[in-house]
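# Per-entry structural report
Next come the chains, spelled out residue by residue.
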Amino acid sequence: MLQLNVKDETSKLKAVVLGTANSNGPTPNADEAYDPKSLEHILAGTYPKNEDMIPEIEAFANVLKKYDVKVFRPEEIKDYNQIFSRDIAFVIDDVFVKANILPDREKELDAIQYVIDQINPKKVVRPPEEVHIEGGDVMLWNDYIFIGTYKGSDYKDYITARTNMEGVAYIQKLFPHKTVKEFDLVKSKIEARDNALHLDCCFQPVGVDKAIIYKQGFREEADYVYLVNLFGKDNLFHITREEMYHMNSNVFSIAPDVVVSEKNFIRLNNWLRENGFTVEEIPYAEISKQEGLLRCSTLPLIRG
C-alpha cells in the first residue's frame, strides 16, 4: 500500500505520478482547445508535436529518478493528451482527491487506476458533481491550503474557470483543521497573457519561506497583499506578464533546496541559485504551449 503524505509543495519528494506524452494524438481543432494558449498555437500552426514533447517529459522523469523518486506513469491511451496529471487528482495530507474534471478527460483517471488501487480505499474521495476543483488550483503550505477560483457571475461561460466556490467549501469541510484561503484569479478565453488557468500559473511557494508570484494574476489586490504579508515582500520573486505567459511560476520542487525549472527561465533560475537552490534545468518549452508546465505534469503522492 502507498502511505500518502503531502503537506506542502517543497518537502523531499518520494513518490509521484508523472504524465506521459507518448501518444498525444493529432493537433486538435480550434474549437477543441481547452485554453487560449493552446488555441493560439493551433491557429499559428505551432502546436507541439509528440516527437518534440516526449524528450522533454522524459528529461523530467530522468531528473526525478536521479533524486531517487518513485515515478509512476499513466497507462497509455492512444491519441490522447495525458501530460497534465495534476488536473485529474491531488493529495492533501493522506487523502487522494479525484478531481471533477472536464467530462471527456475521465479516461485519464482510469489510466492511473493501478496507482489508486495501491491506496487505502477509505482515503480516496470523489467530490459531488456540483464541485469543480483541479489540482493546479490547490496549493499546500503547512497549515494553509491555498485554492485558486473564479468568482465571476459568468463562471459557467469560462472553460478556463476550473475551480468553483463549491470546490473551496468542499475542501474546507474535508480539512476543518486547516486554514483554507481562496484566491480570485484573472481569466481570459482569448488572451493567454491574461489568463491564470490555475493558481500555479501565477503563484507557487519554493523552499522554506519563498515564493514566485505574478501580481496581475489576482482579480483582487487584497489577495496579492495577503500573500505579501504572509511570505514577506523580500521573499517573493515577482514575474512579468510575459514570464507568466511562459509559465515561470509553474516550476516543481523535488526538495526544499532543489527546483526543476525550464532552461529558458534565465532570470528566475539565477534568482533561485542566488538564494541557495540547486536548479535542475530541462527543456519544456514545447509542452508549455498547452498552457501547462512542470507542476502541471506531476501528481505528488508522498513527500517528507
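So, here is what we can say about the structure in this document. (Residues numbered from 1 in each chain as written. Predicted model: local features only at pLDDT ≥ 70, side-chain atom pairs only at ≥ 80, totals over all residues. Heavy atoms only, no water.)

## Some remarks on the pattern of salt bridges
Pairing between side chains becomes possible if they bear opposite charge and their charged atoms approach one another. The criterion, for reference: Whenever Lys or Arg places a side-chain nitrogen within 4 Å of a carboxyl oxygen from Asp or Glu, that contact is recorded as a salt bridge. Numbering goes from the N terminus for both helices and strands, where a helix is a DSSP run of H or I of at least four residues and a strand is a run of E of at least two. Only protein chains enter the accessibility calculation, which uses a 1.4 Å probe. A residue is then buried if its area is under 20% of the maximum for its type, exposed if over 50%, and partly exposed in between.
Applying the stated criterion to the full structure yields 23 salt bridges. With a closest N to O distance of 3.1 Å, Lys 123 and Asp 94 form a salt bridge. Here Asp 94 lies in the loop between β3 (89-92) and β4 (95-98) and Lys 123 lies in the loop between α4 (113-116) and β5 (124-125), a separation of 29 residues in the sequence. Here Lys 123 falls in the partly exposed class, since its relative accessible area comes to 29%. Since its relative accessible area comes to 31%, Asp 94 is described here as partly exposed. Notably, a salt bridge pairs Lys 215 with Glu 221, separated by 3.4 Å at the nearest N-O pair. What you see here is one network of salt bridges that share partners, running through Lys 7, Asp 93 and Lys 178.

## So, unusual backbone geometry
Despite not being glycine, Asn 142 shows a phi value in the positive range, around 60°. Positive phi, close to 75°, is recorded for Met 247, a residue that is not glycine. With respect to the secondary-structure elements, Met 247 resides in the loop between α7 (241-245) and β12 (252-255).

## Concerning helix α1 (residues 36-44)
Since there are 3.6 residues in each turn of an α-helix, residues three or four apart along the chain are aligned in direction. Worth spelling out the cut-off: Any two residues whose heavy atoms approach within 4.5 Å are treated as being in contact.
Among the residues of α1, those classed as buried are Pro 36, Lys 37, Ser 38, His 41 and Ile 42. On its buried side, α1 packs onto α7. Immediately beyond the C-terminal end of α1, within one or two residues, lies Gly 45, with a positive phi of roughly 75°.

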